[in-house]
Amino acid sequence: MAIKNDYDAIVVGSGITGGWAAKELTEKGLKVLLLERGPNLRHGVDYKTEHKPPWEFAYRDQGDRKQYRDEYQIQSQCYAFGEATKNFFVNDKQNPYTHDPDKPYSWIRGYQLGGRSLMWARQSYRLSNLDFEANAHDGIAIDWPVRYEEIAPWYDYVEEFIGVSGQAEGLPQLPDGIFQPPMEMNCVELVLKERIEKKYSDRMMTIGRAAVLTQPKAGRAACHYCGPCERGCSTGSYFSSLSATLPVALATKNLTIRPDSIVHSVIYNESKDRASGVRVIDANTHDVQEFSAKIVFLCASTLGTTQILLNSSTPRYSNGLANSSGVLGHYLMDHTYESGASGTFPGFEDKYYSGRRPNGIYIPRFQNITHKNSNYLRGYGFQGSAQRPGWRRGVDIPGFGAEFKHALREPGPWRMGLDGFGECLPRKENHVKLDSQKVDAWGIPLLKINATWSENERQIEKDASITAAEMLENCGAKDVVPYINDTPPGLCIHEMGTARMGNNPKTSVLNKYNQCHDVSNLFVTDGSFMTSSACQNPSLTYMAFTARACNYAVGEMKKGNL
Ligand SMILES: Cc1cc2nc3c(=O)[nH]c(=O)nc-3n(C[C@H](O)[C@H](O)[C@H](O)COP(=O)(O)OP(=O)(O)OC[C@H]3O[C@@H](n4cnc5c(N)ncnc54)[C@H](O)[C@@H]3O)c2cc1C
Ligand code: SF4
């Protein structure tokens, strides 16, 4: 088979990390081929449902329940999935994976140019040294090979480009960043903040830090608070590959984008001990082609990349490429999610808010910070918001007739929710491997996922629910409802850790620059590299490490080391 086009670099995946790798490598002068398994999507033009009202949808934005059950059983578990956004989520029937029946795992995916950067909720928080030192401190798994000081300039670099609105707070466990002006809290959130900070010396509440512009930036408009972000944002107000990184990469004229290109495996040249390129299956015709490059960046998302590496075994690496350590596929993590409480705040009935702010509040981690104050390791942060439900609440409450309809014209009571996002420990038994029996429509072995929550995560969920309820009650909420929804791993959509970084090649896949210990011109910069999960939303960290890895790779190429 003829090898096609010699590129300087191949980037696999065009989501949050692939977009960054394409931007950084092309800006540094490399000729880059970006391979994306999903179809092409044009910024703005292809956000077909962006401002479509419910009555224009076939199922009034409630969706076809039979189709959801038959074809979107997993994706429809995601809060952002619906009739208006279905086109951004994969069809589960066409893109299966396996797990033991008693170990459900929800793998939420977006296969298109831009990946999940189109649907993400944009919450963007830095990790701190509390997180980078946690494994060493607790004697869990392996130590991170980096500390905050090394990554901080890359967080700056990324935030400056993507635009993160937020409030500096000076907290050691949640370092401040380069922020655009913060969004405003509403009246109930402001009162709750004041009461929490008065009653609890170890807690505070801040506005969410979101990759949503509050000031225009580089051709992208400030957010106009229209609300349904997960349908796409044609003003480019939130960061996505399509609104920000890919246009910059394309402007260099160094980028070739090839959609509908499913990377089957990395091609390894045993005599040179290098990755020589990748093998690609055309998503539509199933034709197989090979592409070569001097370096390869895998950014196909944590599980996508791990599947590619496991499927690239060679005589030297029989259990997956770059896997002499044997840890590839292991230490899968996510965050605990949907454990918290909500309550009603009376006394604000004469107040409302304008616009649909695409952001909430954040209560940074306060457990186990300076001293151990719980019966579990690590902790959680709360995300939430105060809102008054609109007329659509009528769908879920009993009632009929003119009086009922008139009542729905008034906004409902103020309700405030606090939802805990908890840290997940890295455990070897949480792993993925290739299914030995089943393949997908393109002949690629399915991923078999084996993951459960440990007792530590269960305790975190329990504490988040009890503590949220206590805090709301102590701060004046009524009708407080605690909950633990027992969501399966994966549903927080922060899967990470299956090709972790570390100093020792015997216990890690990547070095501190996201470079494979075993194959020096192969880099992995999606969430696979994470050595622990912290409890903050992780994508900002993936971006910072991606930009840093690109800088390192190009530096090494210039020195003749790659
Ligand atoms: C509804 C929702 C809300 C979220 N909210 C947040 C949040 O608030 N904050 C946060 O930090 N994170 C959030 N996330 C998670 C965030 O989207 C991911 O962490 C992030 O997108 C990961 O970036 P990535 O580049 O690794 O993967 P992706 O963005 O998923 O991109 C991977 C790309 O690789 C492509 N691909 C996969 N396999 C192959 C292959 N074999 N060949 C070629 N291409 C391939 C895919 O099609 C995709 O385009 C959210 C996710 C969702 C869905
Ligand atoms: S709320 Fe803001 S970020 Fe979201 S779609 Fe509207 S303009 Fe874009």
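Conventions adopted
Residues numbered from 1 in each chain as written. Chains lettered and ligands numbered in written order. Predicted model: local features only at pLDDT ≥ 70, side-chain atom pairs only at ≥ 80, totals over all residues. Heavy atoms only, no water. Near = heavy atom within 4 Å. Polar contact = N/O pair within 3.5 Å; in protein donor to acceptor, adjacent residues only side chain to side chain. Areas by Shrake-Rupley, 256 points an atom, 1.4 Å probe, with all protein chains shown as cover. Helix = DSSP H or I, 4+ residues; strand = E, 2+ residues; numbered from the N terminus. Buried < 20%, exposed > 50% of the residue type's maximum accessible area, 1.4 Å probe, protein only. Pairing = 2+ DSSP bridges. Expected span 1.5 Å × (residues − 1). Contact = heavy atoms within 4.5 Å. Core = buried A, V, L, I, M, F, W, Y, C linked by side-chain atoms within 4.5 Å. Salt bridge = Lys/Arg side-chain N within 4 Å of Asp/Glu carboxyl O. Axes fitted to C-alpha atoms, helices over the stretch in contact; angles between N-to-C directions. Parallel < 35°, antiparallel > 145°, perpendicular 65-115°, else oblique. Left-handed = near helix turned anticlockwise from the far one by under 90°. Nonpolar A, V, L, I, M, F, W, Y, C, P; charged D, E, K, R; others polar. Phe/Tyr/Trp six-rings, centres within 6.5 Å; stacked < 30°, edge-to-face > 60°. Lys NZ or Arg CZ within 6 Å of the ring centre and 35° of its normal.

Visitor: Help me get a handle on the site of ligand 1, residues and values and all.
Guide: For ligand 1, the set of nearby residues contains 37 residues, the closest of which are Thr17, Glu36, Arg116, Ala121 and Ser539. Here a nitrogen atom of ligand 1 sits 3.1 Å away from a polar atom, N or O, in the main chain of Arg37. Alone, ligand 1 offers 1,000 Å² of accessible surface; in the complex the protein occludes 97% of this. Sorting the residues of the shell around ligand 1 by element identifies helix 1 (16-27), strand 8 (261-269) and helix 11 (539-558) as the ones contributing at least two each. With three residues, strand 8 is the single largest residue contributor to the shell around ligand 1.

Visitor: Any chance you could break down the pairing of strand 2 (residues 32-35) for me, citing the residues and the numbers?
Guide: Where burial is concerned, the two faces of strand 2 agree: the one with Val32 and Leu34 and the one with Leu33 and Leu35 are both buried. Pairing geometry for strand 2 and strand 7 (residues 255-258), over four bridges, is parallel. Residue pairing for strand 7: Leu35 is matched across the bridge by Arg258.

Visitor: Residues and numbers for helix 5 (residues 148-162), please.
Guide: Compared with the 21 Å implied by 1.5 Å per residue over 15 residues, the 20 Å span of helix 5 between its first and last C-alpha is a close match. Taken as a whole, helix 5 has its buried residues at Tyr148, Ile151, Ala152, Trp154, Tyr155, Val158, Glu159 and Ile162. Where the residues of helix 5 are buried, they touch helix 1, helix 3 (129-132), strand 4 (164-165) and helix 11. Among the residues trailing helix 5, Gly163 stands out with phi positive, at a value near 80°.

Visitor: Which residues make up the pairing of strand 10 (residues 288-298), and what values go with them?
Guide: Strand 10 sits mainly inside the fold: nine of its eleven residues count as buried. As paired elements, strand 9 (residues 274-282) and strand 10 share five bridges and run antiparallel to each other. Bridge pairing links Val278 to Phe291 in strand 10. The antiparallel pairing of strand 9 with strand 10 creates a hairpin that spans five residues between the two strands, and His286 there sits at a positive phi of about 70°. Relative to strand 18 (residues 522-524), strand 10 is paired through three bridges, and the arrangement is parallel. Across the sheet, Leu298 pairs through a bridge with Val524, a residue of strand 18.

Visitor: Can you lay out the sheet that holds strand 14 (residues 415-422) for me, pointing to particular residues and giving the numbers?
Guide: On the basis of which strands lie adjacent, the open sheet formed by six strands has the order 6-12-13-14-11-17 and antiparallel pairing. Every other strand in the sheet has two partners, leaving strand 6 (206-207) and strand 17 (478-484) as the edge strands with one partner each. As paired elements, strand 6 and strand 12 (residues 361-363) share two bridges and run antiparallel to each other. Residue pairing across strands places Thr206 opposite Tyr362, the latter belonging to strand 12.

Visitor: Which residues make up the nonpolar core, and what values go with them?
Guide: Grouped together as the largest cluster of nonpolar side chains are 151 residues, with contacts concentrated most on Leu25, Val278, Phe297 and Leu522. Here the element with the most residues in this core is helix 11; it accounts for twelve residues. Not counting residues within four places of it along the chain, the set of residues in contact with Leu522 comprises Val266, Ala275, Val296, Leu298, Leu309, Leu321, Asn514, Gln515 and Cys516.

Visitor: An account of the sheet that holds strand 3 (residues 98-99) is requested, with residue identities and associated values reported.
Guide: Taken in spatial order, the three strands line up as 3-16-15 in an open sheet, and their pairing is mixed. Both outer strands of the open sheet, strand 3 and strand 15 (431-439), are each paired with one neighbouring strand and no more. Direction of pairing for strand 15 relative to strand 16 (residues 445-450): antiparallel, over a ladder of five bridges. Across the sheet, residue His431 finds its bridge partner in strand 16, namely Asn450.

Visitor: Can you break down helix 8 (residues 302-310) residue by residue, with the values?
Guide: The buried fraction of helix 8 amounts to nine of the nine residues, a majority that puts the element mostly inside the structure. Within helix 8, the full set of buried residues consists of Thr302, Leu303, Gly304, Thr305, Thr306, Gln307, Ile308, Leu309 and Leu310.

Visitor: Tell me what's going on with the pattern of salt bridges, and back it up with residues and numbers.
Guide: Here the structure, examined in full by the defined rule, presents 32 salt bridges. In this structure, Arg203 and Asp202 form a salt bridge, with 3.1 Å as the shortest nitrogen-oxygen distance. Of the charged contacts in the structure, one is a salt bridge between Glu423 and Arg378, with a shortest N-O distance of 2.7 Å. With Glu423 in the loop between strand 14 and strand 15 and Arg378 in the loop between strand 12 and strand 13 (380-387), the pair connects residues that are 45 residues apart, well separated along the chain.

Visitor: Before we move on, could you go through the packing of helix 1 against helix 11 and cite the residues and values that matter?
Guide: Packing of helix 1 against helix 11 leaves a shortest axis separation of 9 Å and a crossing angle of 30°. The angle between helix 1 and helix 11 falls in the class roughly parallel. The crossing of helix 1 and helix 11 is right-handed. Contacts between helix 1 and helix 11 pair Ile16, Thr17, Trp20, Ala21, Glu24 and Leu25 from the former with Ser539, Tyr542, Met543, Thr546, Ala547, Cys550 and Val554 from the latter. Split by residue class, the contact of helix 1 with helix 11 holds nine nonpolar, three polar and one charged.

Visitor: Help me get a handle on the packing of helix 1 against helix 7 (residues 241-251), residues and values and all.
Guide: As a packed pair, helix 1 and helix 7 sit with axes 7 Å apart at the nearest point and diverge in direction by 25°. With respect to helix 7, the axis of helix 1 lies roughly parallel. Considering how the two elements wind past one another, helix 1 and helix 7 form a crossing that is left-handed. For the pair helix 1 and helix 7, contact is made by Ile16, Gly19, Trp20, Ala22, Lys23, Thr26 and Glu27 and by Ser241, Thr245, Leu246, Val248 and Ala249, respectively. Across the contact of helix 1 with helix 7, the residue classes break down as six nonpolar, four polar and two charged.

Visitor: Account for the environment of Trp107, naming residues and giving values.
Guide: Following the sequence through the fold, Trp107 ends up in the loop between strand 3 and helix 3. Here the alpha-carbon distance between Trp107 and Met471, two residues 364 residues apart in the chain, equals 32 Å. Discounting residues that sit within four places of it in the chain, Trp107 has contacts with Ile74, Gln75, Tyr97, Leu303, Gly304, Gln307, Leu447, Ile449 and Glu495.

Visitor: A description of the side chain of Gln123 should follow, citing residues and the corresponding values.
Guide: Topologically, Gln123 is positioned in the loop between strand 3 and helix 3. Apart from the residues within four sequence positions on either side, Gln123 is in contact with Gly208, Arg209, Ala210, Asn359, Gly360, Gln383 and Asn537.

Visitor: Explain the packing of aromatic side chains to me, and be specific about the residues and the numbers.
Guide: According to the stated counting rule, one finds 26 aromatic pairs in the structure shown. Here Tyr68 and Phe81 contribute two aromatic rings whose centre-to-centre distance is 4.8 Å and whose plane-to-plane angle is 75°, an arrangement assigned as edge-to-face. Of this pair, Tyr68 sits in helix 2 (residues 65-71) while Phe81 sits in the loop between helix 2 and strand 3; the two residues are 13 residues apart in sequence, bridging distant segments of the chain. Exposure remark for Phe81: the relative accessible area of 10% places this residue in the buried category. Their ring planes at 35° and their centres at 4.6 Å tell us that Phe529 and Phe545 sit as a pair that is tilted. You can see Phe529 sitting in the loop between strand 18 and helix 11 and its partner Phe545 sitting in helix 11, a full 16 residues away along the chain. An identical accessibility class is assigned to Phe529 and Phe545; each is buried. Within the aromatic cluster, the residues linked to one another by ring pairs are Phe132, Trp144, Phe529, Tyr542 and Phe545. Its guanidinium or amino end placed over the ring of Trp442, Arg37 lies 5.4 Å from that ring's centre, counting from NZ or CZ. Here the basic side chain of Arg109 rests over the ring of Trp107, its NZ or CZ set 4.0 Å away from the ring centre.

Distances and angles like these do not, on their own, reveal function.
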